[in-house]
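# Fold and geometry: a report
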Amino acid sequence: MLVLGIESSCDETSAALVEDGSRIRSNVVSTQVDIHARYGGVVPELASREHIRNIIPVLEDALAKAGATPADVDLVAVTQGPGLIGSLLVGVEAAKNFAYTHGKPLVPVHHIAAHVHTGAMAPRLGPGGQPLTDSAPFDYPYLSLVVSGGHTSLIMAHEPGRYEIAGQTLDDAAGEAFDKVARLLRIGFPGGPVIDRLAKEGAADAVQFPTPYAKSADVNFSFSGLKTAVLRYVESKGLEKILADRAHLCGIVAGFQRAVINSLIDKSRRALEERGLNRFAVVGGVAANSGLRAALAERLAQVDVRVPPMSLCTDNAGMIAALGYHLRGRATRDFLALNADANLKM
Ligand code: KG4
Ligand code: ZN
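Residues numbered from 1 in each chain as written. Chains lettered and ligands numbered in written order. Predicted model: local features only at pLDDT ≥ 70, side-chain atom pairs only at ≥ 80, totals over all residues. Heavy atoms only, no water.

The next thing to look at is the site of ligand 1. Close to ligand 1 lie 20 residues; Gly149, Asp179, Gly192, Asp196 and Asn289 are nearest. At 3.2 Å, a backbone N or O of glycine 150 approaches an oxygen atom of ligand 1. Side-chain polar atom of asparagine 289 to a nitrogen atom of ligand 1: 2.9 Å apart, as the coordinates give it. If you map ligand 1 onto the pockets, it falls in the largest pocket. When contributions to the shell around ligand 1 are tallied by element, the ones reaching two or more residues are α4 (111-117), α5 (174-184) and α6 (191-199). Looking at the shell around ligand 1, the element that brings in the most residues is α6, giving four residues. Tallied by class, the residues present in the shell around ligand 1 amount to six nonpolar, eleven polar and three charged. (Near = heavy atom within 4 Å. Polar contact = N/O pair within 3.5 Å; in protein donor to acceptor, adjacent residues only side chain to side chain. 1 Å grid on protein atoms, 1.4 Å probe; cavity = no way out; pocket = protein on both sides within 12 Å on 5 of 7 lines; lining within 4 Å. Sits in = over half its atoms within 2 Å of the grid points. Helix = DSSP H or I, 4+ residues; strand = E, 2+ residues; numbered from the N terminus. Nonpolar A, V, L, I, M, F, W, Y, C, P; charged D, E, K, R; others polar.)

Another aspect to go through is the state of the cysteines. Across all of its chains, the model carries zero disulfides by this definition. Its sulfur unpaired, cysteine 313 is 16 Å from the next cysteine sulfur, which belongs to cysteine 10. When its relative accessible area of 0% is taken as the criterion, cysteine 313 is described as buried. (Disulfide = S-S within 2.5 Å. Buried < 20%, exposed > 50% of the residue type's maximum accessible area, 1.4 Å probe, protein only.)

With that settled, the discussion passes to the packing of aromatic side chains. Under the counting rule described, the total for this entry stands at six aromatic pairs. Taken together, the ring pairs in this structure connect Phe138, Tyr140 and Tyr142 into an aromatic cluster. Sitting over the ring of tyrosine 325, arginine 328 keeps its end group 4.1 Å from the ring centre. (Phe/Tyr/Trp six-rings, centres within 6.5 Å; stacked < 30°, edge-to-face > 60°. Lys NZ or Arg CZ within 6 Å of the ring centre and 35° of its normal.)

Below you can see the structure in the form of structure tokens.
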């Protein structure tokens, strides 16, 4: 069964063709980071406008790369929410149009559920944070840590389409913290990849920040205090001085990244222990972080940890098509009844 996936919830316009929920024939992503970079964050109006410009070319490109025609598509899957409403609408309307015009069923997909599902498509993490190429396939049920620019949650994945939130951030998402810290240090957007790179150069323990929200016994997170701690530190030392001293800058971002990683791993381990689980997936944009991957491999060595390849970590339509395949029983031909929902619940 060939599924066309469409994703436009934030600042990436994406279309993908996936066969039987696992064989990715194409996964085209048109990113807008350059447009939003100078604002230090995603500007919703600009994002919707770009999606409108990009959606048709991206769709055509995905079909061409897969060597498929619209007639070959058996099912259309689209991100219904959550996300920016103007952005979501572009993908949902494109999907409805495609499905109506070509007479295909349409299935709405929850963006975070699709991130969670990429865990089931991922190889096992091996020593040093490298994927094991010969790992056995992973399957539900498992615990997943969703860490992206908009979300940080521990989610119990029972089966495709059935999830339960175990814990979540009480304020900023982990990726948001990376982006805000990079912004206050004026080192670029999105902050995650920049901090990941600079942190590798940072001397261990040169600058230390406390692990956020470590004392509470629950499995929630909080990152806004850590961001403020970095801000206070930068104010006390002076931004210009820090930027003129690369070792100092790298030490700061390394200390910040370590605090985030400690929090993510400590709470994840607690949730795994509470549930007596040995199967864990880390998904979403921040799962691309090399320090996090290495720390997971080292500190959760006894756990079967899955981290998807980079192309499935950041927003992409491949994950929408893959989960859409498993949810095909929920597909509809009542296209007018389907609407984007910025606050869609899982
Ligand atoms: O999942 P994603 O592409 O979009 C959302 O749904 O939010 O995640 C984007 C987030 C951004 O905050 C970005 O800074 C972060 O993922 N990110 C990283 C890395 N690559 C992307 N964070 C830490 N380390 C990275 N290597
Ligand atoms: Zn996402």
